[in-house]
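# Observations on chain architecture
Chain by chain, the residues run as shown.
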Amino acid sequence: MEPAGPEHRGAVRELRLHLVTWNVGTASPPPDVTSLLQLNSLGPAVDMYVIGLQEVNSRITNFLSDLAFDDPWSIFFMTVLSPLGYIKLSSVRMQGLLLLLFVKHVHLPFIRDIHTHYTRTGLYGYWGNKGGVTVRMSLYGHTVCFMNCHLPAHMENTEQRLDDFEKILEMQFEEENIPSTLDHDVLFCFGDLNFRIADYGIHFVRESINNKRYNLLWEKDQLNMAKKKEAFLQEFIEGPLQFKPTYKFDLYSDVYDTSEKKRKPAWTDRILWRVKNLCQHASKEGEFTEEEQTISVTLNNYISHMSYGISDHKPVTGTFGLELKPLLSHPLVTLNPEGEWSAEHDVLISYSAAPELPSSAWDWIGLFKVTFRHVNDYVTYAWVEDDEISSNKDSKQVYMSAAEIPDMGGEFLLCYYSNNLQSIVGISQPFQIQPNRTLIGKDLTQEENSWMQKPDNLESHDEF
């Protein structure tokens, strides 16, 4: 595991974000997402995955069961990413819209104030078939917001798309002291925005695509046209559309719609971002000094993934460098296991908390496998107050019962969960728990005894 946080407040830290938007057309997850998540990339490791899906299967039976349990797409991405050291930080679902955030363990103590929200726009706002789902947080002290949207379809509904988009952006979080969406330092908006290519006929559009002359279509893209006129869109940035329009394809192919409708291809699936500092700066003269510019976003690539054919949309990804000066440089809690751990005896945890930690009797320390999927995926836990056995001004000790420790041992880590902050505020280095030798000895003895007592008729076959 990397060291926990920058050494001092002035250090610049670059985080690598990988955003996915995909209208999955009610399909089940594909067999492999290595290329979608760029898992074989030779570049720096991704620090955070942000995955926005639209049209996740939302039949009533599926939706109700998914409310009680994780849906198949969440389970799928957790299965892929947790062995690589990512935890599901947050998720929010509204009918077919699903937003998932995964982050490397090392960043957990520096991510706080996580809140989710959803805004319905479909069918007059009563049924969530269209709208937006949002996750916001404080990341190393900077406010960051991610918004996954599904806007109305069809060529003629541009104004409705724009009205709904503006409504979603004006959404307010219910909690106090949480900035509005547009007041975050960085805002990412993405999804099936459903903007089409106006005016040009289908033959011209397809010919331009076949010749890879995408630039001929840019000026008639409805989103590009709207960005020139609509004030609320002018502060958003998008990378160049240097890939084929991602809608509408025949399933399991890279052939555009051959059905009777023959939909005109369009860049429906988009990723936009907005940096608040830049927006404020645009109306002022002069440059930001280095001290003032504390966060910036760089787009490293913006591509579609043609090999995925489970729906009539191709997924789009954007990989970003988020460069920031951390306003938080140390975790609120540092903790570590005391001595050798095994299920043969009770074990101790030492931790120290910063004075500013808003501690609670409901705070707890969890024991997790190193491949844990989310904050509730603990093996066991201890209440920091009820299970405390010693305390001084520098540190405290908490115990866990031997009965709670896994007999088989393995690699684990400890996390301190703050009830008031509703997040993990401290994480230990990975450590080994030794197997329970008493139990292993019993198992060996039982095996030997069962071997000695094996029936004669089985022994006669050993030579074969």
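Residues numbered from 1 in each chain as written. Predicted model: local features only at pLDDT ≥ 70, side-chain atom pairs only at ≥ 80, totals over all residues. Heavy atoms only, no water.

- Going by an unreviewed UniProt entry, the protein chain carries the name Inositol polyphosphate-5-phosphatase K and comes from Otus sunia.
- Among the UniProt annotations of the protein chain, the heading Sequence similarities (unreviewed entry) holds the following wording: "Belongs to the inositol 1,4,5-trisphosphate 5-phosphatase type II family." (UniProt positions renumbered as here; feature names shortened; annotations may be inferred.)

## Re the overall build of the protein chain
- Scanning the protein chain from N- to C-terminus turns up 9 helices and 21 strands.
- The buried share of the protein chain, taken over its 464 residues, is 51%.
- Pairs at least 24 residues apart make up 69% of the contacts formed inside the protein chain by residues separated by at least 6 positions.
- Taken as a whole, the protein chain presents about 22,300 Å² of accessible surface, with 50% of it coming from carbon and sulfur. (Helix = DSSP H or I, 4+ residues; strand = E, 2+ residues; numbered from the N terminus. Buried < 20%, exposed > 50% of the residue type's maximum accessible area, 1.4 Å probe, protein only. Contact = heavy atoms within 4.5 Å. Areas by Shrake-Rupley, 256 points an atom, 1.4 Å probe, with all protein chains shown as cover.)

## Regarding the layout of surface pockets
- Each pocket or cavity is described by its volume, and for the second largest pocket that value is around 220 Å³.
- Taken together, 15 residues form the lining of the second largest pocket, with Y351, A353, L357, S359 and K396 sitting closest to its centre.
- The dominant element in the lining of the second largest pocket, judged by the number of residues it contributes, is strand β14 (residues 347–353), at 3 residues.
- In terms of residue class, the lining of the second largest pocket is made up of 5 nonpolar, 5 polar and 5 charged. (1 Å grid on protein atoms, 1.4 Å probe; cavity = no way out; pocket = protein on both sides within 12 Å on 5 of 7 lines; lining within 4 Å. Points joined across faces, edges and corners; volume = space filled by probe spheres on them. Nonpolar A, V, L, I, M, F, W, Y, C, P; charged D, E, K, R; others polar.)

## Digging into the pairing of strand β18 (residues 396–400)
- Where β14 lies against β18, 5 bridges are found, and the strand directions are antiparallel. Paired with I349 across the two strands is V398, which belongs to β18.
- Between strand β17 (residues 388–391) and the antiparallel strand that follows it, β18, lie 4 residues. (Pairing = 2+ DSSP bridges.)

## Observations regarding the sheet that holds strand β3 (residues 86–94)
- With mixed pairing, 6 strands are arranged side by side in an open sheet as β3-β4-β2-β1-β11-β10. Each edge of the open sheet is held by one strand with a lone partner, namely β3 and β10 (295–304). For this sheet, the mean inter-axis angle between neighbouring strands, taken without regard to orientation, is 15°.
- Relative to strand β4 (residues 97–104), β3 runs antiparallel, the two sharing 8 bridges. Paired with M94 across the bridge in β4 is L97. (Axes fitted to C-alpha atoms, helices over the stretch in contact; angles between N-to-C directions.)

## Quick word on the packing of aromatic side chains
- The full count for this structure, using the stated rule, is 26 aromatic pairs.
- Look at Y49 and Y86: their rings are 5.1 Å apart centre to centre, the planes differ by 70°, and that puts the pair in the edge-to-face class. You can see Y49 sitting in strand β2 (residues 48–54) and its partner Y86 sitting in strand β3, a full 37 residues away along the chain.
- Cluster of aromatic residues (ring-pair linked, three or more members): W362, W364, F368, F372, Y378, Y381, W383 and Y417.
- The ring of Y86 is capped by K104, whose NZ or CZ atom sits 4.6 Å from the centre of that ring.
- For the cation-ring pair, K314 lies above F249, with the distance from its terminal atom to the ring centre recorded as 5.0 Å. (Phe/Tyr/Trp six-rings, centres within 6.5 Å; stacked < 30°, edge-to-face > 60°. Lys NZ or Arg CZ within 6 Å of the ring centre and 35° of its normal.)

## Comments concerning the side chain of K314
- Note on placement: K314 falls in the loop between β10 and β11 (316–324).
- With no salt bridge to any partner, buried K314 finds its closest opposite charge in D254, at an N-O distance of 6.8 Å.
- In terms of polar contacts, K314 uses its side chain to reach the backbone carbonyl oxygen of Y308, at 2.9 Å.
- In this view, K314 contacts W22, T246, F249, S253, D269, H305, M306, Y308 and G309; residues no more than four positions away in its chain are not counted. (Lys, Arg positive; Asp, Glu negative; His and termini not counted. Salt bridge = Lys/Arg side-chain N within 4 Å of Asp/Glu carboxyl O. Polar contact = N/O pair within 3.5 Å; in protein donor to acceptor, adjacent residues only side chain to side chain.)

## What to know about the environment of C145
- Among the structural elements, C145 can be located in strand β7 (residues 142–150).
- Spatially, the C-alpha atom of C145 lies 8.5 Å from that of C189, the residues being 44 residues apart in sequence.
- Those residues in contact with C145 that lie beyond four places of it in its chain are T134, V135, R136, F173, T181, H184, V186, L187 and F188.

## Some thoughts on the nonpolar core
- Grouped together as the largest cluster of nonpolar side chains are 57 residues, with contacts concentrated most on M48, M137, F146 and F188.
- The contacts of F146, once residues within four sequence positions are left out, are L17, L19, M48, V50, L99, L101, V133, T134, V135, M137, F188 and F190.
- Counting residues in each nonpolar core, the second largest holds 24 residues, with V347, L367, A382 and I405 among its members. (Core = buried A, V, L, I, M, F, W, Y, C linked by side-chain atoms within 4.5 Å.)

## Overview of the sheet that holds strand β9 (residues 269–275)
- Strands sit in the order β5-β6-β7-β8-β9 across an open sheet of 5 strands; the sheet is mixed. The open sheet terminates on both sides in strands that have one partner only, identified here as β5 (111–120) and β9. The mean inter-strand angle of the sheet, taken between neighbouring strand axes irrespective of direction, is 15°.
- Where strand β8 (residues 186–192) meets β9, 7 bridges bridge the pair, whose relative direction is antiparallel. In the sheet register, F190 faces β9, and the bridge partner there is I271.
- Helix α3 (residues 158–169) rests against β5, β6 (131–139), β7, β8 and β9 of the sheet, and its axis sits at about 150° to β7.

## Details of the confidence of the model for the protein chain
- Per-residue confidence for the protein chain averages 88 on the pLDDT scale, and 85% of its residues sit at or above 70.
- Segment residues 1–9: pLDDT under 50, and 30 contacts once partners within four positions in sequence are set aside and those in other chains are kept.
- Contacts for the low-pLDDT stretch residues 454–464, under 50 throughout, to residues beyond four places or in other chains number 3 contacts. (pLDDT = per-residue confidence, 0-100.)

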